[in-house]
Amino acid sequence: MSIMELKAVSYAFDGGDDFIRDINAVIDKGKLTCLIGPNGSGKTTLMRLMARLITPSRGGITLDERPLKDYSGTELARRMAFVPQKTAPAFDMTVLTYVLTGRTPFLGPLSSESKADADIALEALESVGILPLADRDLDTLSGGETQRAMMAKAICQTPELMLLDEPVSSLDIAHSLDVMSLLRRLVDGQGKTALVVMHDLTLAAHFADKLFVMHHGRLVLAGESGAVIRDDSLEDIYNTPLKLIRDGDAHYVCAALPPRKP
């Protein structure tokens, strides 16, 4: 069963030639899908189209078979959360206050957050490992800590669908594993759906149910992660030799390094 569908979606910047071209894709409900591809292939632009931050030049996107454009802002925020690569709050606030803004779609015009909302926010902070930072000012966090605060805000929003643009790009190895393991638990344990833009092919292959591969604005490969990561065309897509190491069910993917100079 799908939660989102893209039908012949294209997008052009400022009236130029299409950058995103004729994308047809199905996001499976209750699955973790990773969107991979070289720099400049259109991953972030496609994610922004799905988050309704920009509008397709042609084609359409549906959420639960309803056109995405027909949702009100509040309706959409209750169903879907978007975690960009980076963001800056409009004013100074604590980490907890920032995460609590994830509850805004569920509040009335004159109402404020309840204890239940605060509990959801604290649980979200704990789930991403930064509960001790709840009272810190957001602008004092490191890049990796800020990334996890943004994830906590999305979790606090309690969405069915989470769109995450490079959520581990600022994280070290241990925290990258923690974040991807958390997403896997949200999908498996709570029935969430996650679409994640990633550059780490090994993490993508290990944690994702499906992989989508972008190249020059097109979706060129899609399927079960183990099959896609073994596809010989990946070397052409990334324009570099790749080395695939198998260890049981795990696949480790890295560039085939040239010999070191003596």
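Residues numbered from 1 in each chain as written. Predicted model: local features only at pLDDT ≥ 70, side-chain atom pairs only at ≥ 80, totals over all residues. Heavy atoms only, no water.

**Some words on the state of the cysteines**
Here, the word disulfide means a covalent bond between the sulfur atoms of two cysteines. Basically, it comes down to this: The term disulfide is used for any two cysteine sulfur atoms that are within 2.5 Å.
Taken as a whole and judged by the stated rule, the model has zero disulfides. This cysteine, C34, is not joined by any disulfide, and C254 carries the nearest cysteine sulfur, 18 Å off.

**Details of the packing of aromatic side chains**
Heads up, the condition is: Two rings from Phe, Tyr or Trp (for Trp, the six-membered ring) form a pair when their centres are within 6.5 Å of each other. A pair whose planes differ by under 30 degrees is stacked, one over 60 is edge-to-face, and the rest are tilted. Criterion for a charge above a ring: Arg CZ or Lys NZ at most 6 Å from the ring centre, at most 35 degrees from the ring normal.
All told, the structure shown has two aromatic pairs when counted by the stated rule. With centroids separated by 5.4 Å and ring planes inclined at 45°, the aromatic side chains of F13 and F19 adopt a geometry described as tilted. By way of ring pairs, the aromatic residues Y11, F13 and F19 are connected into one cluster. One residue, R66, lies across the ring of Y71, its end atom 4.2 Å from the ring centre.

**A few points about the sheet that holds strand β4 (residues 58-63)**
Here is the rule we go by: Between any two strands, pairing holds if DSSP finds at least two bridges. Think of it this way: any DSSP run of H or I at least four residues long counts as a helix, any run of E at least two long counts as a strand, and we number them from the N terminus. Working rule for contacts: check all heavy atoms of both residues, and any pair within 4.5 Å makes them a contact. Whenever a helix is involved, its axis is fitted only over the stretch in contact; in every case the axis is a line through C-alpha atoms, and angles between N-to-C directions fall within 0 to 180 degrees.
Taken in spatial order, the four strands of this open sheet run β2-β1-β4-β5, and their pairing is antiparallel. The outermost strands of the open sheet, each flanked by one partner alone, are β2 (18-28) and β5 (66-67). Direction of pairing for strand β1 (residues 2-12) relative to β2: antiparallel, over a ladder of seven bridges. Residue pairing for β2: Y11 is matched across the bridge by I20. Each of β1, β2 and β4 is contacted by helix α1 (residues 43-50), which is oriented at about 120° to β1, the strand it contacts most.

**A word on the pairing of strand β11 (residues 242-247)**
Note that β11 and strand β12 (residues 250-255) share six bridges and pair antiparallel. Bridging across to β12, R246 finds its partner in H251. Hairpin connection of β11 to β12: two residues between the antiparallel strands, including G248 at a positive phi of 65°.

**Digging into the packing of helix α4 (residues 115-127) against helix α5 (residues 143-156)**
Convention followed: Oblique is the label for every angle not falling under 35 degrees (roughly parallel), over 145 degrees (roughly antiparallel), or within 65 to 115 degrees (roughly perpendicular). Each crossing is labelled by how the near helix is turned from the far one, with a counterclockwise turn of less than a right angle marking it left-handed and a clockwise turn marking it right-handed. Note on residue classes: Ala, Val, Leu, Ile, Met, Phe, Trp, Tyr, Cys and Pro are nonpolar, Asp, Glu, Lys and Arg are charged, and everything else, Gly too, is polar.
As a packed pair, α4 and α5 sit with axes 8 Å apart at the nearest point and diverge in direction by 135°. On the basis of their axis angle, the class for α4 and α5 is oblique. α5 is crossed by α4, and the crossing has right-handed handedness. Together, I120, A121, A124, L125 and S127 of α4 and A152, I155 and C156 of α5 make up the contact between the two elements. A class-by-class count of the residues in the contact of α4 with α5 yields seven nonpolar, one polar and no charged.

**So, the nonpolar core**
Condition: Buried residues of nine kinds, namely Ala, Val, Leu, Ile, Met, Phe, Trp, Tyr and Cys, make up a nonpolar core once their side-chain atoms join them within 4.5 Å. Residue burial is assigned from relative accessible area. The probe radius is 1.4 Å, only protein chains are included, and a residue is buried under 20% of its type maximum, exposed over 50%, and partly exposed in between.
One finds C34, V99 and L183 to be the most contacted residues of the largest nonpolar core, which totals 55 residues. With near-sequence residues (within four places) excluded, V99 lies in contact with A121, A124, L125, A149, A152, K153 and C156. Listed in part, the 28 residues of the second largest apolar core include I20, A25, L195 and V197.

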